[in-house]
Amino acid sequence: MYGRTPITLDDFMDGLVKRNPGEPEFHQAVKETAETVLPLVNERKEYREARILERLTEPDRTIIFRVCWEDDKGWFRVQRGYRVQFNNSIGPYKGGLRFDPSVTLGILKFLGFEQTFKNSLTGLPMGAGKGGADFNPKGKSDREVMRFCQSFMSELYKHIGEDIDVPAGDIGVGAREISFMFGQYKRLKNEFTGTLTGKSLEFGGSLIRKEATGYGCAFFMEEMLGHQNNSVHGKTCLVSGSGNVAQYTIEKLIQLGARVVTFSDSSGFVHDPEGVTREKLDYLIHLKNIIRGRVSEYALEFGCEFYHGEKPWKVPADLAFPCATQNEIDETAALLLVENGCIGVSEGANMPTLPEGIHVFQNAGVLYAPGKASNAGGVAVSGLEMTQNSIRLSWSREELEDRLQTIMRKIHDTCVRYGKGDDGKIDYVKGANIGGFIKVADAMLAYGVV
Ligand code: NDP
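Here, residues in each chain are numbered from 1, in the same order as that chain's written sequence. Two thresholds apply to this predicted model, a pLDDT of at least 70 for residue-level local features and 80 or more for giving and counting side-chain atom pairs, whereas whole-chain, interface and lining totals are computed over all residues. Hydrogens and water are ignored here; the side-chain numbers use all heavy atoms of the structure.

Peer 1: Run through unusual backbone geometry, naming residues and quoting values.
Peer 2: With a phi angle near 55°, Asn229 is a residue other than glycine that sits in the positive phi range. In this fold, Asn229 is placed in the loop between helix H8 (209-226) and strand E6 (236-240). You will see that Asn327, though not glycine, has its phi angle at about 55°, which is positive. Secondary structure counts use DSSP, requiring at least four H or I residues in a row for a helix and at least two E residues in a row for a strand, with both numbered from the N terminus. By the element assignment, Asn327 lies in the loop between strand E10 (319-322) and helix H12 (331-339). Any residue under 20% of the maximum accessible area for its type is buried, any over 50% is exposed, and the rest in between are partly exposed; the area is computed with a 1.4 Å probe on protein chains only. Since its relative accessible area comes to 26%, Asn327 is described here as partly exposed.

Right, here's the structure in full:
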């Protein structure tokens, strides 16, 4: 009772589900973490009695607001905006904004919760937050996106600041959206500070930020394979998604000598058996970021197959990099990957693998890295953008890529430290969860009852 005795996973989850009804993604994310962290909490009296896990699964606050804007035809539109300020024990709230019709409070709570561990793993002083709106930028004109972003920021600016909460991009929020929001923030606050990251280089952005999540995801795979005296070089790779994370995962994999044969968007996937080249990747980036087209156009351009409504996991390959969205690898897909010889999975997206899929990978001995470890490169370079903004200096590309690689290596070391079993095998889920948890939990303990 009240932390005096150990609590079972089922009892803990029953309480969480009761307090947070109708939020399945949040339940899923918490359960995946609690499975590995709860034994430690039960074992350590100070964590248990301070009810650290209960406190860690309760956001500091959630802000929900109306966002009205006018479309090009003069119709009024009403959207819902959110910011979940999850935990600021080790630094200002930090995490992306997602603009997608699927956005709900539950999705943002799952993402904010994951962010707590991820940001801690980077070793940088960043707390965790996540936000966004049920707005779909797809099919909207630049002016419509601008009006929405300005209206969204007209409320959000009251709750953020360089030492309070520093949002960034996520699905549906790229350079264009960040620029519109930063412009409005600057106008409303009459200050030029690094309150958003992922900014353009002309106004405080950092080199490598747009590449960071994807590069980090590929680096993490290189670390896992390197630990087994293997490497990415020469491997056939499946990537899903074709947005920011997917594009730069592909770029780094090509640089590391791998062959990337798939990518996707929400309408289906492309199979390019010869592999994506530098030139083809430039076409894809232009297609998705400038023309805002569909990946099926790549298939037409380069004469390869497009599979409507399907995901890439049935294509035989050595490595998989899910970089689109949550819950895109279920048990069947995981089994297919394993049967086809996949030996490693590095998640670029947040929680792309369902729990049943994770168990398949772990039982088959696949090197499986959860997103909170393998996609932490993005927020890490966001942290470095905050530092550069604070000291009003810009570091070079080489310096930043070097720092990114070092951070990914350290995250890998942390996973090995806390995830190595008696048989020498590394449980990257356990390693990332415990490695991320301890720093935040110890800070919360130090603050007393807050
Ligand atoms: P983008 O909006 O740039 O790209 C998202 C990609 O995923 C697009 O190709 C999109 O297709 C596809 N996609 C979106 N929803 C679905 C769906 N329901 N089914 C299939 N495909 C889908 O987002 P990011 O690349 O920034 O983010 C991708 C993932 O990485 C997310 O999980 C995000 O949380 C995570 N992440 C992002 C970070 C970052 O720095 N940006 C940092 C860490 C994690 P379409 O073009 O059709 O919409």
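Peer 1: Explain the packing of helix H2 (residues 24-43) against helix H5 (residues 105-121) to me, using residue names and the numbers behind them.
Peer 2: Only the contacting stretch of a helix is used when fitting its axis, a line to C-alpha atoms as for every element, and angles between N-to-C directions run 0 to 180 degrees. At a minimum axis distance of 7 Å, the contact between H2 and H5 shows a crossing angle of 25°. One way to sum up the angle between H2 and H5 is to call them roughly parallel. Seen from H2, the contacting residues are Glu25, Phe26, Ala29, Val30 and Thr33; seen from H5, they are Gly106, Ile107, Lys109, Phe110, Phe113, Glu114 and Phe117. Each angle receives one of four descriptions, namely roughly parallel if under 35 degrees, roughly antiparallel if over 145, roughly perpendicular if within 65 to 115, and oblique otherwise. Contacts between residues were defined by any pair of non-hydrogen atoms, one from each residue, lying within 4.5 Å.

Peer 1: Hey, could you go over the sheet that holds E6 for me, with residue numbers and the actual values?
Peer 2: Paired through backbone hydrogen bonds, the strands of a sheet run either parallel or antiparallel to each other. A pair of strands is labelled paired if DSSP reports no fewer than 2 bridges between them. With mixed pairing, the seven strands of this open sheet are ordered in space as E9-E8-E7-E6-E10-E11-E12. One side of each edge strand has no neighbouring strand; the edge strands of this open sheet are strand E9 (305-308) and strand E12 (367-369). Each strand of the sheet is rotated relative to its neighbour by a mean of 15°, with strand direction disregarded. As defined by bridge partners, E6 adjoins strand E7 (residues 259-265) across three bridges and the pair is classed as parallel. Opposite Leu238, over in E7, you have Thr262 as the bridge partner.

Peer 1: Please give an account of the pairing of E6 that cites residues and values.
Peer 2: A regular strand places its side chains on the two faces of the sheet in alternate fashion. Burial runs high along E6: five of the five residues are buried. Of the two faces of E6, the one lined by Thr236, Leu238 and Ser240 and the one lined by Cys237 and Val239 are each fully buried. Sheet topology places E6 next to E10; four bridges connect them, and they run parallel. Counterpart to Cys237 in the pairing with E10 is Leu319.

Peer 1: If you had to explain empty space enclosed by the protein to someone new, which residues and values would you point to?
Peer 2: Any residue with an atom within 4 Å of a point lines the site, the site being either a cavity, points on a 1 Å grid over the protein atoms alone where a 1.4 Å probe fits but cannot get out, or a pocket, an open set with protein on both sides within 12 Å along at least 5 of 7 lines. Grid points are joined across faces, edges and corners, and a volume is the space filled by probe spheres set on the points. For the coordinates displayed, the defined rule picks out one cavity of 30 Å³ or more. Roughly 30 Å³ of internal volume is contained in the largest cavity. Along its surface, the largest cavity is lined by Glu32, Glu114, Glu347, Met351, Tyr368, Pro370, Gly371 and Lys372.

Peer 1: Give a detailed account of the sheet that holds strand E4 (residues 128-133), specifying residues and quantitative values.
Peer 2: Judged by pairing direction, the sheet is mixed, and its five strands sit side by side in the order E1-E2-E4-E3-E5 without closing on themselves. One side of each edge strand has no neighbouring strand; the edge strands of this open sheet are strand E1 (61-70) and strand E5 (165-168). The average angle at which neighbouring strand axes cross in this sheet is 20°, direction not considered. Looking at chain direction, strand E3 (residues 93-99) and E5 are connected through four bridges and run parallel. For Lys94, the partnering residue across the bridge sits in E5 and is Val166. Strand contacts of helix H6 (residues 142-156): E1, strand E2 (76-87), E3, E4 and E5, with the helix running at about 140° to E1, the strand carrying the most contacts.

Peer 1: Provide a residue-level description of the pattern of salt bridges, including the pertinent values.
Peer 2: We define a salt bridge as a contact between a side-chain nitrogen of Lys or Arg and a carboxyl oxygen of Asp or Glu at a distance within 4 Å. By the definition in use, this model includes 26 salt bridges. The shortest N-O distance in the salt bridge between Lys158 and Glu155 comes to 2.8 Å. Each member of the salt-bridge network shares a partner with another, and the members are Glu32, Glu114 and Lys372.

Peer 1: Give a detailed account of the packing of aromatic side chains, specifying residues and quantitative values.
Peer 2: Each Phe, Tyr or Trp ring (for Trp, its six-membered ring) is paired with any other whose centre lies within 6.5 Å, and the angle between the two planes then decides the class: stacked below 30 degrees, edge-to-face above 60, tilted in between. Enumeration over the complete set of coordinates arrives at 24 aromatic pairs. Each ring, one from Tyr215 and one from Tyr248, has its centre 6.4 Å from the other, and the planes form 65°; the classification is edge-to-face. Taken together, the residues span a long stretch of sequence, with Tyr215 in helix H8 and Tyr248 in helix H9 (residues 244-255) at a distance of 33 residues. For the pair Tyr215 and Tyr248, one class covers both residues: buried.

Peer 1: Requested: an account of the site of the ligand, with residues and values cited.
Peer 2: Near the ligand there are 25 residues, and of these Lys138, Asp170, Thr213, Ser266 and Arg294 occur at the shortest range. Here a polar contact is taken to be a pair of N or O atoms separated by no more than 3.5 Å, where protein atoms must pair a possible hydrogen donor with a possible acceptor and residues adjacent in sequence count only if both atoms sit in side chains. Between the ligand and Ser266, the relevant distance is 2.5 Å, taken from an oxygen atom to a side-chain nitrogen or oxygen of the residue. Exposure was quantified through the Shrake-Rupley algorithm and a 1.4 Å probe, taking into account, for residues, occlusion by the shown protein chains and nothing else. In isolation the ligand offers 890 Å² of accessible surface; the protein chains occlude 83% of this area. Those elements that place two or more of their residues in the shell around the ligand are H8, H9 and E7. Delimitation of the domains relies on an automatic or database domain assignment. Both domain 2 (61-192) and domain 3 (211-374) contribute no fewer than three residues apiece to the shell around the ligand. By convention in this text, a residue qualifies as near a molecule or strand provided that one of its non-hydrogen atoms is within 4 Å of it.

No statement about biological role is implied by the geometric values presented.
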